[in-house]
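# Observations on the three-dimensional arrangement
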Amino acid sequence: MTSDQGPKPRVYQADFLTALFREPLDPAYAQAAEKRRDGPPPPRWRLLTRKGIALVVLVVIGFLFAVAYRQVARDAPEREKVRNGLITRINEQKENTSRLAAEAEGLQADVSMLRDLALQDPDQARELRQLEAATGVSKVTGDGLVVRLSDGPDAATNDKAQILDYDLQQLVNMLWYFGAEAISINGRRLTSVSAIRKGGGIYVGDFPVASPYEISAIGPPDLYDQFNKSLTVQIYRDLAQRPEHRFGLKITKRDDLVLPAALLPELRYAKVPGPSPSPTPSGGGK
């Protein structure tokens, strides 16, 4: 049997999640807000109590800030004293190192002069001086160039704006490739055993160097042109102009450069030959 009115429409009831998203706030909150809005205002003593509590909290916070500031201000002179003491010691050590290096250079020059007098052969003395210049253990003078590299203005927070030991290695290797005869970095002469490395900074051999870095090189007359047109220099110029790097790069042609002598390297394997041991009979034979 069928109804004349046809089938009844199906009724869909909202599930719990749909109702939750449609009305996230509990109806009780809305009722409480309406009751508070339509009801009588809170008593004056309650408002004064709230303001008093807020004032006490602010006073306590201000007192704590004042105590912390006094503590910091009291400890500041002591920290500044320790800092100044460390700076003084560092400067004294730098001056002592420079004095000892100059003394070592003078003694090295005296040794070279006495050696030339002992040789009594101008050709041998000249050959030794040329070898010393090539190995970096004597002061040299000549024409060349100076490459100046400096960290970018935001190097403290941007690693890409910092000059690395790798950068100095690349430029120095290119200078050797184009015929440089003598190279120094910030006054530290490079030798065959000098290493450009990283260790809490950049070191040339055993000496730390800091930005700005000046690579001085003496070489053939076309050293500046060849180096300045090289692909490596073009890449570094392009990097220096990018916003994320912005480090300093300047190459200058210089005449009459003076490169200091390097300290004599410590010999690790060469030894003074001693007397040959006399042969001992083995007891065999005929």
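Criteria and cut-off values
- Residues numbered from 1 in each chain as written.
- Predicted model: local features only at pLDDT ≥ 70, side-chain atom pairs only at ≥ 80, totals over all residues.
- Heavy atoms only, no water.
- Helix = DSSP H or I, 4+ residues; strand = E, 2+ residues; numbered from the N terminus.
- Buried < 20%, exposed > 50% of the residue type's maximum accessible area, 1.4 Å probe, protein only.
- Contact = heavy atoms within 4.5 Å.
- Areas by Shrake-Rupley, 256 points an atom, 1.4 Å probe, with all protein chains shown as cover.
- Axes fitted to C-alpha atoms, helices over the stretch in contact; angles between N-to-C directions.
- Parallel < 35°, antiparallel > 145°, perpendicular 65-115°, else oblique.
- Left-handed = near helix turned anticlockwise from the far one by under 90°.
- Nonpolar A, V, L, I, M, F, W, Y, C, P; charged D, E, K, R; others polar.
- Pairing = 2+ DSSP bridges.
- 1 Å grid on protein atoms, 1.4 Å probe; cavity = no way out; pocket = protein on both sides within 12 Å on 5 of 7 lines; lining within 4 Å.
- Points joined across faces, edges and corners; volume = space filled by probe spheres on them.
- Core = buried A, V, L, I, M, F, W, Y, C linked by side-chain atoms within 4.5 Å.

Here the focus is the overall build of the protein chain. Secondary structure assignment for the protein chain yields 7 helices and 8 strands. Buried positions account for 21% of the 286 residues belonging to the protein chain. Sequence-distant contacts in the protein chain: of pairs separated by 6 or more residues, those separated by 24 or more amount to 74%. Here the protein chain displays about 22400 Å² of accessible surface, and carbon together with sulfur accounts for 58% of that area.

Packed helices, taken two at a time, are described by the angle their axes make and the gap between the axes. Between helix H3 (residues 44–119) and helix H4 (residues 122–135), the shortest axis-to-axis distance is 9 Å and the interhelical angle comes to 150°. By the criterion of interaxial angle, the relationship of H3 to H4 is roughly antiparallel. Note that H3 runs across H4; the crossing there is right-handed. Here Ser112, Arg115, Asp116 and Leu119 of H3 lie close against H4, whose contacting residues are Gln124, Ala125, Leu128, Arg129 and Glu132. Taken together, the residues that form the contact of H3 with H4 break down as 3 nonpolar, 2 polar and 4 charged.

Quick look at the pairing of strand S2 (residues 182–185) now. The side chains of a regular strand alternate between the sheet's two faces. Side-chain alternation along S2 places Ala182 and Ser184 on one buried face and Ile183 and Ile185 on a second face that is also buried. As paired strands, S2 and strand S7 (residues 213–218) are joined by 4 bridges and run antiparallel to one another. Bridge pairing links isoleucine 183 to alanine 217 in S7. Pairing between S2 and strand S3 (residues 188–189): 2 bridges, direction antiparallel.

The next subject is the layout of surface pockets. Each pocket or cavity is described by its volume, and for the second largest pocket that value is around 250 Å³. Taken together, Lys94, Thr97, Ser98, Asn186, Arg188, Phe207, Pro208 and Val209 form the lining of the second largest pocket. Those elements that provide at least two residues to the lining of the second largest pocket are H3 and strand S6 (207–209). Grouping the amino acids of the lining of the second largest pocket by side-chain chemistry returns 3 nonpolar, 3 polar and 2 charged.

For the rest of this paragraph, the subject is the nonpolar core. If you look at the biggest cluster of nonpolar residues, it comprises 28 residues, and the most contacted ones within it are Leu168, Leu175, Ile183, Ile215 and Phe227. Secondary structure elements with two or more residues in this core: strand S1 (140–150), helix H5 (165–177), S2, strand S5 (202–204), S7, helix H6 (223–228) and helix H7 (231–240). Counting residues per element, this core draws most heavily on H5, at 5 residues. Once residues lying within four places of it in the same chain are set aside, the contact partners of isoleucine 215 are Leu145, Val146, Val147, Leu168, Leu171, Val172, Leu175, Ile183, Ser184 and Ile185. Val140, Val146, Ile218 and Leu257 belong to the second-largest nonpolar core, a separate cluster that totals 6 residues.

Taking strand neighbours across the sheet as the criterion, the 5 strands line up as S3-S2-S7-S1-S8 in an open arrangement whose pairing is antiparallel. Strands at the two margins of the open sheet, each flanked by one partner only, are S3 and strand S8 (248–259). Contacting S1, S2 and S7, H5 crosses the sheet at an angle of about 10° to S7.

Our focus in this paragraph is the sheet that holds S5. Taken in spatial order, the 3 strands line up as S4-S5-S6 in an open sheet, and their pairing is antiparallel. In the strand order of this sheet, the two ends are held by strand S4 (196–198) and S6, each with one partner. Recorded for the sheet is a direction-independent mean angle of 40° between the axes of neighbouring strands. Relative to S5, S4 is paired through 3 bridges, and the arrangement is antiparallel. Residue pairing in the sheet places isoleucine 196 in a bridge with valine 204 of S5. Across the sheet, H5 lies against S4 and S5, angled at about 170° from S4, the strand it touches most.

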